[in-house]
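One-letter residues, chain by chain:
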Amino acid sequence: MARTIILDFDGTFYQTPCPDIPKLEDAIDLSQLLLLKDKLKEAPNKAEVLSMLDEKFAKLDKSKIGANLYNQNAGDPGHKSQTLADKIIRDGTTFSELLRKKDKRTRVFCARALAQMIEPNGEGNHRVSGMLNLGLDISQKDIAHYYRKYATVKYKTAKPNIHIRHIIKEAKRRGDTLVVYTDNSKENIKANLKKVGYKQEDFAAIVDMFDCNGGMTKKMNKGRAAFAQIMQDKGIDLSRAEFYDDNAKICAFMNEHFGILSVCVKTEKLTDVATGVKIDALERTKTQYKVDILKNKIHGRDFPQSIRHVKRTAPRIMTNQGRVN
């Protein structure tokens, strides 16, 4: 019976740390800074919003503003913009004044500061959802539009994760349904699938956070429920699903929510989050092939190996739900 293989993209399809990710994170923050600037142009309460942001910025520890603040994949906190931060602190520059600066370094600094000053509109939601709380006429559609348009980045250094390559190869051999489920945008996934060896047609669906109730992430119950509804609408079965993500907490949420095998993906290994057991993707592929041979032999299909050999070499593989894989 075919399965549904659900895969996160960033940090899952490719090896980490990856230098492309800090660029993506900056692009995300810059997209929302542009949204802020555009909305302020016509906002009747512009002065009030800027005053609020100036007050927040005055309390912000500007010495800690650096690259890659939110990236879980890069392996380090990024470089601090120390010289620029020192100058801003020394000059007493306000956020309103920073918004008028046009040089790239200042714009990135300003974008990172904005990302720290806004709070997501729900626990576990993406930081961009904090744009809803600025008191401006900003909708979830606005956030999605600016994210999709201005935060699509071509990855140049990403190298495929060999473990996931084996998982996808075996899934294709079995005729499984492949799904990408990301808290990034689907535009970024479509733009970068080729870089890690795949094409859009390999996947029955690519679902991003903006598809899920307008912007609910995998960390949110409403986001996961929305994803399940999308799968149901597309006729994709989750009863025999497997989930792969580089974030162990998200894997745990998916395991608890759907009762499915959820695997934490790292460059060096795969781990079942429910049992803590390491999964050998290559060995799992070989063993599953033997199990399939046995099943087909029983049903009268012709395979070259003897059934005695298959019985001897094909141990039962159990998931944390106790079913045979």
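Computed from a predicted structure; not experimentally measured.

Colleague: Please explain the overall build of the protein as it appears in this structure.
Modeller: Of regular secondary structure, the protein possesses 12 helices and 7 strands. Taking all 325 residues of the protein together, 51% fall into the buried category. A fraction of 69% describes how many contacts in the protein between residues 6 or more apart in sequence connect residues 24 or more apart. In the structure as shown, the protein presents an accessible area of about 16100 Å², 51% of it carried by carbon and sulfur atoms.

Colleague: Please explain the pairing of strand E4 (residues 241-245) as it appears in this structure.
Modeller: A regular strand places its side chains so that they alternate between the two faces of the sheet. In terms of residue burial, E4 counts as a mostly covered element, since 5 of its 5 residues are buried. Neither face of E4 is left uncovered, since the one carrying Ala241, Phe243 and Asp245 and the one carrying Glu242 and Tyr244 both have all their residues buried. Bridging between strand E1 (residues 4-7) and E4 involves 4 bridges; their strand directions are parallel. Following the sheet pairing, threonine 4 is matched in E4 by alanine 241. The pairing of E4 with strand E5 (residues 261-265) spans 4 bridges and is classified as parallel. Bridge pairing links tyrosine 244 to valine 263 in E5. Following the backbone out of E4, through helix H10 (residues 248-258) and into the adjacent parallel E5, one traces a crossover that is right-handed.

Colleague: It is not clear to me how the sheet that holds strand E2 (residues 177-182) should be interpreted in this structure. Could you clarify?
Modeller: By way of backbone hydrogen bonds, the strands of a sheet pair with one another, either parallel or antiparallel. Strand order in the open sheet formed by 7 strands is E3-E2-E1-E4-E5-E6-E7, and the pairing between neighbours is mixed. Lying at the two open borders of the sheet, with one neighbouring strand each, are strand E3 (205-208) and strand E7 (278-279). The sheet contact formed by E2 and E3 spans 4 bridges and is parallel. Following the sheet pairing, valine 180 is matched in E3 by isoleucine 206. Of the strands in this sheet, E1, E2 and E3 are in contact with helix H9 (residues 221-233), which crosses E2 at around 150 degrees. Against the sheet, H10 touches E2, E4 and E5, its axis set at about 175 degrees to E5.

Definitions and cut-offs
Residues numbered from 1 in each chain as written. Predicted model: local features only at pLDDT ≥ 70, side-chain atom pairs only at ≥ 80, totals over all residues. Heavy atoms only, no water. Helix = DSSP H or I, 4+ residues; strand = E, 2+ residues; numbered from the N terminus. Buried < 20%, exposed > 50% of the residue type's maximum accessible area, 1.4 Å probe, protein only. Contact = heavy atoms within 4.5 Å. Areas by Shrake-Rupley, 256 points an atom, 1.4 Å probe, with all protein chains shown as cover. Pairing = 2+ DSSP bridges. Right-handed = clockwise from strand over helix to strand, strands pointing away. Axes fitted to C-alpha atoms, helices over the stretch in contact; angles between N-to-C directions.

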